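Architecture at a glance
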Amino acid sequence: MAVYRWASFLGLANRAGKLITGEEMTVKEIQRGNAKLVLLSKDASHNTEKKITDKAAFYKVPVRRVENREALGQAIGKEARVVVAVMDIGFAKKLKTLIDEE
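Residues numbered from 1 in each chain as written. Predicted model: local features only at pLDDT ≥ 70, side-chain atom pairs only at ≥ 80, totals over all residues. Heavy atoms only, no water.

**Some points on the side chain of glutamate 29**
Residue placement: glutamate 29 occurs in helix H2 (residues 23-32). Owing to a relative accessible area of 8%, glutamate 29 belongs among the buried residues under this scheme. Here asparagine 34 takes part through its side chain, which lies 2.7 Å from a polar atom of the side chain of glutamate 29. Apart from residues no more than four positions distant in its own chain, glutamate 29 is found in contact with Ile20, Asn34, Ala35 and Met87. (Helix = DSSP H or I, 4+ residues; strand = E, 2+ residues; numbered from the N terminus. Buried < 20%, exposed > 50% of the residue type's maximum accessible area, 1.4 Å probe, protein only. Polar contact = N/O pair within 3.5 Å; in protein donor to acceptor, adjacent residues only side chain to side chain. Contact = heavy atoms within 4.5 Å.)

Here it is in structure tokens:
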């Protein structure tokens, strides 16, 4: 399995308490204006993908796609995760840069 530079930085954001995971929590934080970046796995279900991307687009929250749910979960030291929201603008900017470089 490939090691992504964004993954270790996401782990750092997690340890700093700047992430939330899960579809419902992510949607809530997007609506509240707290989510600065949403990471969505490329193997998310069509319904989950549509719900998250539509909500993020409406509230103007950037979305980045990552390889798969295992990579996303592993990056934060948990089991597979389909969606993660970054709650801190500094972490969000750096993660966008790292993911866009891959």
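There is more to say, and it comes next.
**A word on the packing of H2 against helix H3 (residues 46-58)**
Look at H2 against H3: their axes get within 10 Å of each other, and the N-to-C directions meet at 10°. Between H2 and H3, the angle falls in the class roughly parallel. Contacts between H2 and H3 involve Glu23, Glu24, Thr26, Val27, Ile30 and Gln31 from the former and Thr48, Lys51, Ile52, Lys55 and Ala56 from the latter. The residue makeup of the contact of H2 with H3, split by class, is 4 nonpolar, 3 polar and 4 charged. (Axes fitted to C-alpha atoms, helices over the stretch in contact; angles between N-to-C directions. Parallel < 35°, antiparallel > 145°, perpendicular 65-115°, else oblique. Nonpolar A, V, L, I, M, F, W, Y, C, P; charged D, E, K, R; others polar.)

**Remarks on the pattern of salt bridges**
Taken as a whole and assessed by the stated rule, the structure comprises 10 salt bridges. The shortest N-O distance in the salt bridge between glutamate 67 and lysine 42 comes to 3.2 Å. Taken as a pair, glutamate 67 in the loop between strand S3 (63-66) and helix H4 (69-75) and lysine 42 in the loop between strand S2 (37-41) and H3 lie far apart in primary sequence, 25 residues in all. For glutamate 67, a relative accessible area of 37% translates into the label partly exposed. The residue glutamate 49 makes a salt bridge to arginine 65 at a minimum N-O spacing of 3.0 Å. Remark: arginine 65 occurs in strand S3 and glutamate 49 occurs in helix H3; sequence separation between them is 16 residues. (Salt bridge = Lys/Arg side-chain N within 4 Å of Asp/Glu carboxyl O.)

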